[in-house]
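Report on the structure
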Amino acid sequence: MTLAARHVSSIPEREKKQRAIGITYPWDKWQILVVTVTLYNIFVFYAVVARAMESTVETVLDLIETLLLLLTIGLWVYLSVTDPCIAKTEKSIGNEYWCRFCQAYYDGEKRKHCRHCKKCVIGFDHHCFFLNTCIADHNYKQFMTVLCTYTGILLMQVVTTAIAIHRHIQDKTGSEPFGDVGSHFFLWTSLILSFPSFCGAAALLGLHLFFIATGTNTFKWLKQEYEEEKLRAKLKAYELEMTRGIEALNPVPAPTEAESMQEKVVSKALEDSVRPGVTQVQDVVITETDHDGRA
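Residues numbered from 1 in each chain as written. Predicted model: local features only at pLDDT ≥ 70, side-chain atom pairs only at ≥ 80, totals over all residues. Heavy atoms only, no water.

This part covers the overall build of the protein. Each helix and strand counted, the protein has seven helices and nine strands in total. Buried residues in the protein amount to 34% of all 295 residues. Once local pairs closer than 6 in sequence are excluded, the contacts in the protein between residues at least 24 apart make up 58%. When the accessible area of the protein is evaluated, it comes to approximately 18,400 Å², of which 63% is carbon and sulfur surface. (Helix = DSSP H or I, 4+ residues; strand = E, 2+ residues; numbered from the N terminus. Buried < 20%, exposed > 50% of the residue type's maximum accessible area, 1.4 Å probe, protein only. Contact = heavy atoms within 4.5 Å. Areas by Shrake-Rupley, 256 points an atom, 1.4 Å probe, with all protein chains shown as cover.)

As a further point, take the nonpolar core. Core analysis: the largest hydrophobic core is formed by 13 residues, its most contacted members being Val44, Val48, Val49, Met53, Ala164 and Leu187. Element by element, the count of residues in this core is highest for helix α1 (residues 29-52), at six residues. The residues contacting Val49, other than those within four sequence positions of it, are Val44, Thr160, Thr161, Ala164 and Leu187. With eleven residues, the next largest nonpolar core counts Leu75, Leu131, Phe143 and Leu205 among its residues. (Core = buried A, V, L, I, M, F, W, Y, C linked by side-chain atoms within 4.5 Å.)

By the definition in use, this model includes one salt bridge. Notably, a salt bridge pairs Lys119 with Asp83, separated by 2.6 Å at the nearest N-O pair. With Lys119 in strand β5 (residues 119-121) and Asp83 in the loop between α2 (56-81) and β1 (88-89), this pair connects stretches of sequence that are 36 residues apart. Owing to a relative accessible area of 2%, Lys119 belongs among the buried residues under this scheme. (Salt bridge = Lys/Arg side-chain N within 4 Å of Asp/Glu carboxyl O.)

To continue, consider unusual backbone geometry. Omega for the peptide link from Tyr25 to Pro26 comes to 5°, which places this bond in the cis form. Here Pro26 lies in the segment before α1. With a phi close to 60°, Asn132 is a non-glycine residue in the positive phi region. In this fold, Asn132 is placed in the loop between β6 (124-128) and β7 (133-136).

For the rest of this paragraph, the subject is α2. The end-to-end C-alpha distance of α2, which contains 26 residues, comes to 38 Å, matching closely the 38 Å that a straight helix rising 1.5 Å per residue would cover. Taken as a whole, α2 has its buried residues at Glu58, Leu61, Asp62, Glu65, Leu69, Thr72, Leu75, Leu79 and Ser80. Residues of α2 that are buried make contact with α1, β7 and α3 (140-169). (Expected span 1.5 Å × (residues − 1).)

Given two aromatic rings, their pairing is described by the distance between the two centres and the angle made by the two planes. Tallied over the full model, the rule gives ten aromatic pairs. Ring plane angle 65° and centroid distance 5.6 Å describe the contact between Phe185 and Phe186, whose orientation is recorded as edge-to-face. Members of the aromatic cluster, each reached through a chain of ring pairs, are Tyr40, Phe43, Phe185 and Phe186. (Phe/Tyr/Trp six-rings, centres within 6.5 Å; stacked < 30°, edge-to-face > 60°.)

An ideal rise of 1.5 Å per residue puts 52 Å on 36 residues; helix α4 (residues 179-214) measures up with 52 Å between its terminal C-alpha atoms. Just downstream of α4 lies Gly215, where phi reads positive at about 75°.

Here we take up the sheet that holds strand β2 (residues 98-99). Reading across from one edge, β1-β3-β2 is the order of the three strands in this open sheet, with antiparallel pairing throughout. Two strands lie at the open edges of the sheet, namely β1 and β2, each paired on one side alone. (Pairing = 2+ DSSP bridges.)

Contact geometry of α1 with α3 gives a least axis separation of 10 Å together with a crossing angle of 40°. With respect to their mutual orientation, α1 and α3 come out oblique. Between α1 and α3 the crossing geometry is left-handed. Residues Val34, Thr38, Asn41, Phe45, Val48, Val49 and Ala52 of α1 touch α3, and the partners they reach there are Tyr150, Leu154, Gln157, Thr160, Thr161, Ala164, Arg167 and His168. (Axes fitted to C-alpha atoms, helices over the stretch in contact; angles between N-to-C directions. Parallel < 35°, antiparallel > 145°, perpendicular 65-115°, else oblique. Left-handed = near helix turned anticlockwise from the far one by under 90°.)

Turning our eyes to something else, we now look at the environment of Leu204. Mapped onto the secondary structure, Leu204 falls in helix α4. You can call Leu204 partly exposed: its relative accessible area is 28%. Leu204 sits 53 residues away from Thr151 along the chain, and the two C-alpha atoms are 9.4 Å apart.

Dropping the structure here:
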């Protein structure tokens, strides 16, 4: 049976195909949804909303959304075409840095084998389904930036679309290429898509700001363990079991009867040495004297 014909759950982890970058096929359903909604909002903004913007303030809002859009697209491309898997090495650097799935060593802390990308990531934070790639220490700043800019785009889309709807209702927009019904359809559908998307993006942004303020990250917050931490715990338990096994194989020999008697005599001599009338303790022979000084 070929690999393609086997069910994914029945394929061993090491035989699964690794995801190289975020745009590697197949795409995640959330990734497709975000890209689709974004492209639709871009079309509505420039085809309908921008035509309804007349005042200077509204023009500035259009310019701000355009700048945020360009920055977001650039960061999205960067995160989607860069490999989050770094610090991979063929050199043996310790069992705690070895991944049995990747069959390789990873020199770094907070390593996690991502079951979605099928590879280990150093400094793992989480797997982003919207970007379909792993977010780690080395690309977390870019992720936060694109999250901020995308949240700003959605906010601007909601505000400008609401303004455009208000102007269309007041019939102050003049002639439109899609007619009155078509313009209302595009505007209302864009608003319906943008508002819940903005709420979700703002909540996600707030969560990551909370992580930054408290010095934690997504993975720690989910109360899971990194691969090297689990392996170190297993090695420590193994060393403890080995120590107990060695002690069981080499028990401390019990003292002989003569040694036991010797210890008792010494202990008795030490106890009697603090009593009055005792004059000599030598070679574990105890001699008491009478009042005349004779033994």
